[in-house]
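Coordinate inspection notes
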Amino acid sequence: MFIFRAIRVEDVDFTQCATHGSFSRRWQETVYNMFHFTTLYIIPLLVMSCCYSRILLHIHLQHLRDKG
């Protein structure tokens, strides 16, 4: 899948990869951005939240068991 394109600046030895102009339709860029936002932010956030919730629940139950 081709996503990025190389943009060269005239009169300067400079090349940069960019998504600008790489998609033929606006919705394709939106889907691309939402996919990366979800996979790089939302999913790790949910996994960490679940893990820390389970840790806190385990600590709380251990505390109640030791207290009683």
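The structure under discussion appears in the preceding block.
A brief report on the enclosed structure follows.

Rules used throughout
Residues numbered from 1 in each chain as written. Predicted model: local features only at pLDDT ≥ 70, side-chain atom pairs only at ≥ 80, totals over all residues. Heavy atoms only, no water. Helix = DSSP H or I, 4+ residues; strand = E, 2+ residues; numbered from the N terminus. Buried < 20%, exposed > 50% of the residue type's maximum accessible area, 1.4 Å probe, protein only. Areas by Shrake-Rupley, 256 points an atom, 1.4 Å probe, with all protein chains shown as cover. Lys, Arg positive; Asp, Glu negative; His and termini not counted. Charge placed at Lys NZ, Arg CZ, Asp CG, Glu CD. Expected span 1.5 Å × (residues − 1). Bend = angle between axes of the 7 residues up to and from the residue. Phe/Tyr/Trp six-rings, centres within 6.5 Å; stacked < 30°, edge-to-face > 60°.

1. Description of the overall build of the protein
Counting secondary structure elements, the protein contains one helix and two strands. Starting at the N terminus and ending at the C terminus, the protein contains elements arranged as β-β-α. Taken along its principal axes, the extent of the C-alpha atoms in the protein is 75 × 30 × 15 Å. For the protein, with 68 residues in total, the buried portion stands at 6%. Carbon and sulfur atoms make up 65% of the accessible area of the protein, which totals about 6400 Å². Seen as two clouds, the 7 positive and the 5 negative side-chain charges of the protein have centres 19 Å apart.

2. Brief notes about helix α1 (residues 26-67)
Between its terminal C-alpha atoms α1 stretches 59 Å, which fits the 62 Å expected from 42 residues at 1.5 Å a residue. Along its length, α1 reaches its greatest deviation from straightness, about 40 degrees, at T38.

3. Overview of the packing of aromatic side chains
Scanning all chains against the criterion turns up two aromatic pairs. With 5.4 Å between their ring centres and 45 degrees between their planes, F23 and Y32 make a pair best called tilted.

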